[in-house]
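Here's the letter readout for the chains.
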Amino acid sequence: MDGYVKYGLVQDAGQSFDEMSERMVVDWNLMISGYWSWGNEVKARHLFQMIPDRNVITSNAMRPRGGVSTFNRMPEKKAVSWNAMLSGYAQNGFAEEAVELINEMMNASVQADKTFWVAVISSCSSHGDPCLAKSLVKRLDNKGISMNCFVKMALHD
């Protein structure tokens, strides 16, 4: 479905989605984001109302900046919350906001995990800034974080 959505074939993705016997939150998020991104706000809102489990990423899929209010209201932000926000920004083309969030997380002294670094590097890729990606890889090295296959694949993108 992701490939269909990326290339604007949202109706084809929707057909695949409709034929699924079991849908995970990521499937709902993909379709909501796809409809929203390609201008079908009515269908996006309809799916948003139907989704059984809404979360920060779902809010981002519906309104990329909408998850921010949910995130900001959290009394304690764990790594998974930071990862969700960063992924939401990266997946919806908000590279500058992603970079700001990265800096905010670093200043908050939150321990970043490998999922975070994959999202960070993917965000750099969408931002089209190889220098930024290199500086982040240097941070990884300085922090002694080994790169797993997912981090390495994000670098290749």
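Above: the structure in question.
Calculation rules
- Residues numbered from 1 in each chain as written.
- Predicted model: local features only at pLDDT ≥ 70, side-chain atom pairs only at ≥ 80, totals over all residues.
- Heavy atoms only, no water.
- Helix = DSSP H or I, 4+ residues; strand = E, 2+ residues; numbered from the N terminus.
- Buried < 20%, exposed > 50% of the residue type's maximum accessible area, 1.4 Å probe, protein only.
- Areas by Shrake-Rupley, 256 points an atom, 1.4 Å probe, with all protein chains shown as cover.
- Core = buried A, V, L, I, M, F, W, Y, C linked by side-chain atoms within 4.5 Å.
- Contact = heavy atoms within 4.5 Å.
- Expected span 1.5 Å × (residues − 1).
- Arc of directions from axis to C-beta.
- Axes fitted to C-alpha atoms, helices over the stretch in contact; angles between N-to-C directions.
- Parallel < 35°, antiparallel > 145°, perpendicular 65-115°, else oblique.
- Left-handed = near helix turned anticlockwise from the far one by under 90°.
- Nonpolar A, V, L, I, M, F, W, Y, C, P; charged D, E, K, R; others polar.
- Phe/Tyr/Trp six-rings, centres within 6.5 Å; stacked < 30°, edge-to-face > 60°.
- Lys NZ or Arg CZ within 6 Å of the ring centre and 35° of its normal.

Student: When you look at the overall build of the protein in this model, what are you seeing that I'm missing?
Tutor: Helix and strand counts for the protein stand at eleven helices and zero strands. Relative to its 157 residues, the protein shows a buried fraction of 41%. Summed over all atoms, the accessible surface of the protein reaches about 9,200 Å², with 51% contributed by carbon and sulfur.

Student: Teacher, can you tell me more about the nonpolar core here?
Tutor: A general feature of soluble globular proteins is that nonpolar side chains tend to end up buried together. Formed by 18 residues in total, the largest nonpolar core has its most connected members in L86, L101, F116, W117 and V120. If we ignore the near neighbours within four places in the chain, the residues touching V120 are L86, I102 and L136. Counting residues in hydrophobic clusters, the runner-up holds 13 residues, among them F17, M31, F48 and I51.

Student: Explanation requested: the environment of M1 in the structure shown.
Tutor: When you line up the elements, M1 lands in the segment before α1 (2-6). Assessed through its relative accessible area of 24%, M1 is described here as partly exposed. Other than its neighbours up to four places away in sequence, M1 contacts A13, S16, F17, M20, D27, L30 and M31.

Student: I keep staring at helix α3 (residues 25-37) and nothing clicks. Help me out?
Tutor: Residues three or four positions apart in an α-helix share a direction because the helix packs 3.6 residues into each turn. Compared with an ideal rise of 1.5 Å per residue, which puts 13 residues at 18 Å, α3 spans 18 Å between its outermost C-alpha atoms and is within 8% of the ideal. The set of residues buried in α3 consists of D27, W28, N29, L30, M31, I32, S33, G34 and Y35. Of the residues one or two after α3, G39 is the one with positive phi, at around 90°.

Student: Would you mind going over helix α4 (residues 41-50) with me for this structure?
Tutor: Within α4 the residues assigned to the buried category are A44, L47 and F48. Mapping the buried residues of α4 onto a view down its axis gives an arc of 105°, with all of them on the same face. Along α4, the residues that are exposed and aim more than 90 degrees away from the buried face are V42 and Q49.

Student: Just to check I follow, could you spell out the packing of α3 against α4 for this structure?
Tutor: Orientation of α3 relative to α4, taken along the N-to-C sense of each, is 155°, at an axis distance of 7 Å. Relative to α4, the element α3 lies roughly antiparallel. For the element pair α3 and α4, the recorded crossing hand is left-handed. Here α3 contributes W28, M31, I32, Y35 and W36 to the contact with α4, which in turn contributes E41, K43, A44, R45, L47, F48 and M50. Here the contact of α3 with α4 is composed, by residue class, of nine nonpolar, no polar and three charged.

Student: Whenever I open this one, the packing of aromatic side chains confuses me. Can you help?
Tutor: In this description, an aromatic ring pair is defined by two values, namely the gap between the centres and the angle between the planes. Within the structure shown, the criterion is met by one aromatic pair. Between the aromatic rings of F17 and W28, the centroid separation amounts to 5.1 Å while the plane-to-plane angle is 85°, which identifies the pairing as edge-to-face. Placement of the pair is F17 in helix α2 (residues 10-19) and W28 in helix α3, with a sequence separation of eleven residues. W28 shares its class with F17; the two are buried. Directly above the aromatic system of F17 lies the positively charged group of R23, at a separation of 4.2 Å from the ring centroid.

Student: Just to check I follow, could you spell out the packing of α2 against α3 for this structure?
Tutor: When two helices pack together, their arrangement is captured by the angle between the axes and the distance separating the axes. Contact pair α2 / α3: the axes reach a minimum separation of 10 Å and the direction vectors enclose 155°. With respect to α3, the axis of α2 lies roughly antiparallel. Our pair here, α2 against α3, has a crossing hand that is left-handed. Contact residues: α2 offers V10, A13, G14 and F17, while α3 offers D27, W28, M31, G34 and Y35. The class makeup of the residues in the contact of α2 with α3 is six nonpolar, two polar and one charged.

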